[in-house]
Amino acid sequence: MKSISSSIFGRLFGHPTKVIIKTEGIRVLLNSRATDISWQALLSPPTFTRGLFGQTLSFTTKEQNYVLSKLAYNCAKKQKNDCERFWAESNKQRLEDLLAKINQLISRRYLRQSHWQRIHGAVQQEYKRWFPWFTASKNTAHIAKLVKLLAKYQHWQEQDIARCRAAYIDRQLKSYRLFFDKVESNPLTARQREACVIDDDNNLLLAGAGTGKTSVMVARAGYLLSSQQARNNEILLLAYGRKAADEMDQRIKDKLATDKISSSTFHSLGLNIIARVEGQKPNLSLFAENEQAKVQWVQRCLENLMNGQAPYRHVLVEYFSQYYYTEKDEFEFASLGEYYQYLTDNDIRSLKGDKVKSFAELSIANWLFNHGIDYQYRSDYAYNLRTVEYKQYQPDFFLPELNIYIEYFAVNDKGDSAPYLDKVKYLAAMQWKGKIHQQYNTQCIALTYAQHKKGILLSTLAKSLKDKNIHCTPLADDVLLAKIKESGRVSALAELFAKLIGLYKSACLDESAEKSIIAASSDVAQTQKAFVLVKPILRAYQKKLSQGNEIDFEDMITKALAYVESGKFIAPWRYIMVDEFQDISEPRARLVKALRDSRKGCSVFAVGDDWQAIYRFSGADVTLTTGFADYFGPTTQSELDQTFRFNNKIGQLATDFVSKNPAQINKTINSLKQVNAPAVSLLRKASLNLQRDENSVSEIVNGAVDEVLTAISAKVKKTASVYLLARFRFQLPNRVALARLRNQYPLLSIETHTFHAAKGKEADYAVLLGLTRGQHGFPSEKVTPAIVDALLAKQESFKYAEERRLFYVALTRAKERVYVIADMLEASPFVSELLAEHDIEVDEFTISVDQSIVEQISCQLCETGTLQARTGHYGAFYSCSHFPRCDHKEKACAQCGSAMTKKRYSGFKSCLNASCETMLPLCQQCGAEMVLRKGRQGEFWGCSNYRGNEQVSCKNTVPAANIKWPA
């Protein structure tokens, strides 16, 4: 025992102090009072500081800082080493315990981010106790090894953590090598094994098509049990649907020989949580399992509101008349054809059923309908103006009872037409129409795009009629709705509202959130009106559920989520594994996160592939996968990069195709099977312009499917599986047609699936049908109603992002070869992209002339339509596929009747038939065909738009000898 006394100055001018240094601690005697402090209580060894009046001794505990001044001048030399030695000996065990815990944790468990945070916090705290004094100390060599290890942990970087994790993975892979060899029919790959062992707080496994993700789910569960990291009841497996959950259960039973781990759907999980909290299972509404019954109930509710409440009826009439469609500005389209395509794809029709050519015309037509004014849309003018070159003039509207015409002109307030129209020609046509009405003394009301944009189109129409002493009164709402109901729009709205109820409930909106949804929607007015209409139905729906003490699917998630977040339910699971994570919605992801947070040490293991995210329409949000770490926190991401399904040529094409979207996660998928030749074949064959119904699939009727199945049959020696796939169910052969195919091709096991239904399945060969453009084409061009779109995950900026992923899913169903069937005259842009940018087989099937020259017979007026052969009063001609909206026509070749093109030679129109050499010069002034005529000076070419002295007449002529024909 050694002591330190006060210096002479301390004895004369301070309080006499004595400090006794013992092996168990420090005793301070001050003013006859003794204070004992153990070495363990000190945060670090005492420090000695020499001053003018003696040494100052300082030390700190958790509760207090001690500063003892004016001590003997030589005390530091005598006692400092002892203090450091005694403190180190007393705190050695604490350091050993910490380092032992760290070693145990990193050697026996995967180093999770949360583990490292706790380790780092403890290490930092202990590091402050030993440094910097330890580096200068001379009496601590016996514990130097321990302190250096502490310093090592203190300075760990990301690479050190990665090294630690890699060492753990390596040890586990060696220890459980036999398990991973035997758990599945074939030994797991290195990536699959690593995915089973990796166990961060949050884990995302990106599993591409055919890479064996289900094997990993099963093997991971088995590994957790085998390594005694989890018991059966601590593992929760979540699947997207009941069928997937049942399949997972069977795999676990077969591979792990246990039925004590069961898979659950999100809905059954929610139901069980609710039952545990409430003490009994709630009643499940009929609407949860019978969507049609829900739609029928919504329609009855809608009709009751419509019939019983005049204000509701009035808003409904407004909605059908003005907000039923999502309007797009006709001036913002790249071409007239794209505008017509939008109108066609979204089936833009007036309340009377007319396929109008613009949204302004839609407004005019509906206003006339609502005011009970009979009209004819684009009927022939009262006076015959037909010529050989021009069809009969057809004003936009004719009001037969009032003998008044209405013309809508697409010109803005500056007098400009849409950018894709020839302004000179359009203004000339406007002038010609005005003169015609003057010449024949017919009344015509002219309306414009400028008025439509300013919102005065209909008031201008009403004023024009009033100026003609025609007073218009709107029909009663009930009369209008009776007529609207006949069109089927009420039933269609009921289907929309049935879907909206689920989306609205899932979104858990309060008043503020609802306002934000409306403000951010693509069509604020439409969304606002739709909310007004759907809210009374939603209230009635919730009342019905409450009265029956029932819940629906949305309640299963939202109520369960509320119970978990409020702490009424604590997750019993330590390992939550989610399959098909790319299909998850935000409420479900939120439930997973809440379950994780409710149980200390719980981890999430999500398996998915953002390239196969195809369910936005049902609430899925792909950004929960691409931004997984942003939502769940620090994450370890791994990949399965080897596919056991398709060959390298299918894989390369599919990967290149889907990877165009930069918002997706870059991945490499390596194929086990390698081939040298292209494995995607294109069969180009003209469709037969069939009326779509359940008994007519174009690719069946035109023989294309038979050509493909014959080709496949010639390749196989034993039974092979074939999928016929299409975007929509109606594009697939019915039972009768399928039975015929199965009977005709006995070596082929043929099944039909939609692209969505085929996800997760595989066959030897896949045949893709329905690859057209348009509303029921692929990619689908139909616009989602603004209110539905507002309640779904945010739309991706990349064009056709989800449809592109859906095509990837279709392409990756086949093991051996994919067959793509398309009529190039109306082919999907995806087919055109395959043809232009990818290595595909184009010579396996013969191709007709019209399929090989499709780029040369596009419509010259709207640009996106293709010319189709027709016959009229004046013989053969070609008209636009956008008819009746686009009424452009081209004369057929006078020699052979084939289509002609203006694209082959500049300034000339030539026959596309290779065996016909017909060629006509084009007018250099107006672009029309030239006609060979004879005059006083001999033969000359004159413009076919010659109209004598009329203003629109083109009088351009060229002597025949001056024409420079292409070589």
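Our structure's up above, just so we're on the same page.
Please read these numbers as outputs of a predicted model, since none were measured by experiment.

K.L.:
Now, about unusual backbone geometry: what can you tell me, with residues and values included?
P.N.:
Following Phe778, the chain continues to Pro779 via a peptide bond in cis, the omega torsion being 5 degrees. Note that Pro779 resides in the loop between β25 (763–768) and α33 (786–791). Note the cis peptide between Phe883 and Pro884, where omega equals 10 degrees. With respect to the helices and strands, the residue Pro884 is situated in the loop between β28 (875–880) and β29 (889–891). Phi is positive for Asp347, close to 50 degrees, though the residue is something other than glycine. Tracing the backbone shows Asp347 in the loop between α15 (336–345) and α16 (359–370). The exposure class assigned to Asp347 is partly exposed, which follows from its relative accessible area of 31%.

K.L.:
For the pattern of salt bridges, give the residues involved together with the corresponding values.
P.N.:
As enumerated under the stated definition, the model contains 63 salt bridges in all. A salt bridge links Asp416 to Lys423; the shortest N-O distance between them is 2.6 Å. Judged by relative accessible area, which is 24%, Asp416 ranks as partly exposed. A salt bridge links Lys660 to Glu837; its shortest N-O distance comes to 2.6 Å. Here Lys660, found in the loop between α28 (648–658) and β21 (670–671), pairs with Glu837, found in helix α35 (residues 829–837); they are 177 residues apart in sequence, far enough to count as distant. You can call Lys660 partly exposed: its relative accessible area is 36%. On the basis of relative accessibility, which here comes to 49%, the residue Glu837 falls in the partly exposed class.

K.L.:
Which residues make up the environment of Ala711, and what values do they have?
P.N.:
Relative to the helices and strands, Ala711 resides in helix α30 (residues 704–715). Spatially, the C-alpha atom of Ala711 lies 9.1 Å from that of Phe845, the residues being 134 residues apart in sequence. Non-local contacts of Ala711, meaning those with residues more than four positions away in its chain, are made with Tyr819, Glu844 and Phe845.

K.L.:
Hey, could you go over the packing of helix α2 (residues 75–108) against helix α5 (residues 144–154) for me, with residue numbers and the actual values?
P.N.:
Orientation of α2 relative to α5, taken along the N-to-C sense of each, is 50 degrees, at an axis distance of 10 Å. By the criterion of interaxial angle, the relationship of α2 to α5 is oblique. Handedness of the crossing formed by α2 with α5: left-handed. Taking contact as the criterion, the partners of Lys92, Leu95, Glu96, Leu98, Leu99, Ile102 and Ile106 in α2 are, on α5, Leu146, Val147, Leu149, Leu150 and Tyr153. Residue classes in the contact of α2 with α5 are distributed as 10 nonpolar, no polar and 2 charged.

K.L.:
Tell me what's going on with helix α14 (residues 310–323), and back it up with residues and numbers.
P.N.:
In this model α14 runs 19 Å from its N-terminal to its C-terminal C-alpha over 14 residues, within 8% of the 20 Å that 1.5 Å per residue would give. Regarding α14, the residues found buried are Tyr312, Arg313, Val315, Leu316, Val317, Tyr319, Phe320, Ser321 and Tyr323.

K.L.:
Which residues make up a nonpolar patch on the surface, and what are the values?
P.N.:
On the surface, a nonpolar cluster with roughly 370 Å² of combined accessible area is contributed by Ile8, Leu12 and Phe13. Position of Phe13 among the secondary structure elements: in helix α1 (residues 8–13). For Phe13, a relative accessible area of 65% puts it in the exposed group.

K.L.:
Give a detailed account of α5, specifying residues and quantitative values.
P.N.:
Owing to its 3.6 residues per turn, the α-helix aligns residues three or four sequence positions apart on the same side. Listed as buried for α5 are Ala144, Val147, Leu150, Ala151, Tyr153 and Gln154. As for α5, its buried residues are in contact with α2, α3 (113–130) and α4 (133–136).

K.L.:
Give me the sheet that holds strand β35 (residues 957–959): which residues, what numbers.
P.N.:
Read from one edge to the other, the open sheet built from 3 strands follows the order β33-β34-β35, with strand pairing classed as antiparallel. The open sheet has two edge strands with one neighbour each: β33 (930–935) and β35. Strand-to-strand twist across the sheet, computed as the mean angle between neighbouring axes with direction ignored, equals 30 degrees. Pairing of strand β34 (residues 938–943) with β35 involves 3 bridges; the strand directions are antiparallel. Bridge pairing links Phe940 to Pro959 in β35.

K.L.:
Hey, could you go over the sheet that holds strand β14 (residues 404–409) for me, with residue numbers and the actual values?
P.N.:
Strand order in the open sheet formed by 4 strands is β12-β13-β14-β15, and the pairing between neighbours is mixed. With one partner strand each, in any of the chains shown, β12 (376–377) and β15 (443–448) form the two edges of the open sheet. As paired elements, β12 and strand β13 (residues 397–399) share 2 bridges and run antiparallel to each other. Each bridged residue has a counterpart across the sheet, and for Tyr377 the counterpart in β13 is Phe397. Where helix α17 (residues 423–439) meets the sheet, it contacts β14 and β15, and its direction lies at approximately 170 degrees from that of β14.

K.L.:
Quick rundown of the packing of helix α8 (residues 190–197) against helix α9 (residues 213–226)? Include the residues and the values.
P.N.:
Contact geometry of α8 with α9 gives a least axis separation of 8 Å together with a crossing angle of 45 degrees. Relative to α9, the element α8 lies oblique. Where α8 crosses over α9, the handedness of that crossing is right-handed. Residue-level inspection shows Gln192, Ala195, Cys196 and Val197 of α8 in contact with α9, the latter providing Ser215, Val216, Ala219, Arg220 and Tyr223. Split by residue class, the contact of α8 with α9 holds 6 nonpolar, 2 polar and 1 charged.

K.L.:
Requested: an account of the packing of aromatic side chains, with residues and values cited.
P.N.:
Per the stated rule, a full pass over the model turns up 56 aromatic pairs. Ring geometry for Trp297 versus Tyr541: centroids 5.9 Å apart, planes at 65 degrees, classification edge-to-face. With Trp297 in helix α13 (residues 291–308) and Tyr541 in helix α23 (residues 524–547), this pair connects stretches of sequence that are 244 residues apart. Note on accessibility: Trp297 and Tyr541 belong to one class, buried. Chaining the aromatic ring pairs together yields one cluster made of Tyr381, Tyr383, Tyr393, Phe398, Tyr405, Trp432 and Tyr440. Positioned above the aromatic ring of Tyr375 is the side chain of Lys352, whose terminal nitrogen or guanidinium carbon lies 4.1 Å from the ring centre. Sitting over the face of the ring of Phe369, Lys483 holds its NZ or CZ atom 5.6 Å from the ring centroid.

K.L.:
Tell me about the side chain of Ser598, and name the residues and values.
P.N.:
Within the secondary structure layout, Ser598 lies in helix α25 (residues 586–598). In terms of polar contacts, Ser598 uses its side chain to reach the backbone carbonyl oxygen of Leu595, at 2.8 Å.

K.L.:
Got a sec to walk through the state of the cysteines? Specific residues and values, please.
P.N.:
Across all of its chains, the model carries 0 disulfides by this definition. This cysteine, Cys893, is not joined by any disulfide, and Cys916 carries the nearest cysteine sulfur, 3.7 Å off. What makes Cys893 buried here is its relative accessible area of 4%.

K.L.:
Outline the environment of Asn648, supporting the account with residue identities and numerical values.
P.N.:
With respect to the helices and strands, the residue Asn648 is situated in helix α28. For the pair Asn648 and Leu624, spaced 24 residues apart in the sequence, the C-alpha separation amounts to 29 Å. In this structure the side chain of Asn648 is engaged in a polar contact, spanning 3.5 Å, whose partner is the side chain of Gln674.

Cut-offs and rules
Here the residue numbers are simple positions, counted from 1 along each chain's written sequence. The model is predicted, so local features are restricted to residues of pLDDT at least 70 and side-chain atom pairs to those at 80 or more, both for listing and for counting; the totals for chains, interfaces and linings are taken over all residues. In computing side-chain values, all of the structure's heavy atoms are included and hydrogens and water are not. In this description a helix means any DSSP run of H or I spanning at least four residues, a strand means any run of E spanning at least two, and both kinds are numbered starting from the N terminus. Accessible area is worked out with a 1.4 Å probe on protein chains only. A residue is then buried under 20% of its type maximum, exposed over 50%, and partly exposed in between. Basic side-chain nitrogens of Lys or Arg form a salt bridge, by our definition, when they fall within 4 Å of a carboxyl oxygen of Asp or Glu. By the convention used here, residues are in contact when the closest approach between their heavy atoms is within 4.5 Å. Fitting a line to C-alpha atoms yields each axis, with helices limited to the stretch in contact; the angle taken between N-to-C directions then spans 0 to 180 degrees. Angle categories: roughly parallel below 35 degrees, roughly antiparallel above 145, roughly perpendicular from 65 to 115, and oblique for all the rest. By the definition used in this description, the sense in which the near helix is turned from the far one sets the handedness, with an anticlockwise turn below a right angle giving left-handed and a clockwise turn giving right-handed. Note that Gly is not counted as nonpolar here; it falls among the polar residues with everything else outside the nonpolar set of Ala, Val, Leu, Ile, Met, Phe, Trp, Tyr, Cys and Pro and the charged set of Asp, Glu, Lys and Arg. Working rule for helices: expected span equals 1.5 Å times residues minus one. Patch membership needs two things, relative accessible area over 30% and no salt bridge, and members are linked within 9 Å if like-charged or within 5 Å if nonpolar (Val, Leu, Ile, Met, Phe, Trp, Tyr). Residue exposure ignores everything except the shown protein chains as possible cover, and the areas themselves are Shrake-Rupley values with a 1.4 Å probe. Only strands joined by at least two bridges in the DSSP assignment are considered to pair. Only centres within 6.5 Å qualify two rings of Phe, Tyr or Trp (six-membered ring in Trp) as a pair; their planes then separate them into stacked at under 30 degrees, edge-to-face at over 60, and tilted for everything else. The criterion is that NZ of a Lys, or CZ of an Arg, lies within 6 Å of the ring centre and within 35 degrees of the ring normal, and then a charge sits over that ring. N or O atoms within 3.5 Å of each other form a polar contact, as long as, within protein, one can give a hydrogen and the other can take it, and as long as residues adjacent in sequence are counted only when both atoms are side-chain atoms. Whenever a pair of cysteine sulfur atoms sits within 2.5 Å, that pair is classed as a disulfide.

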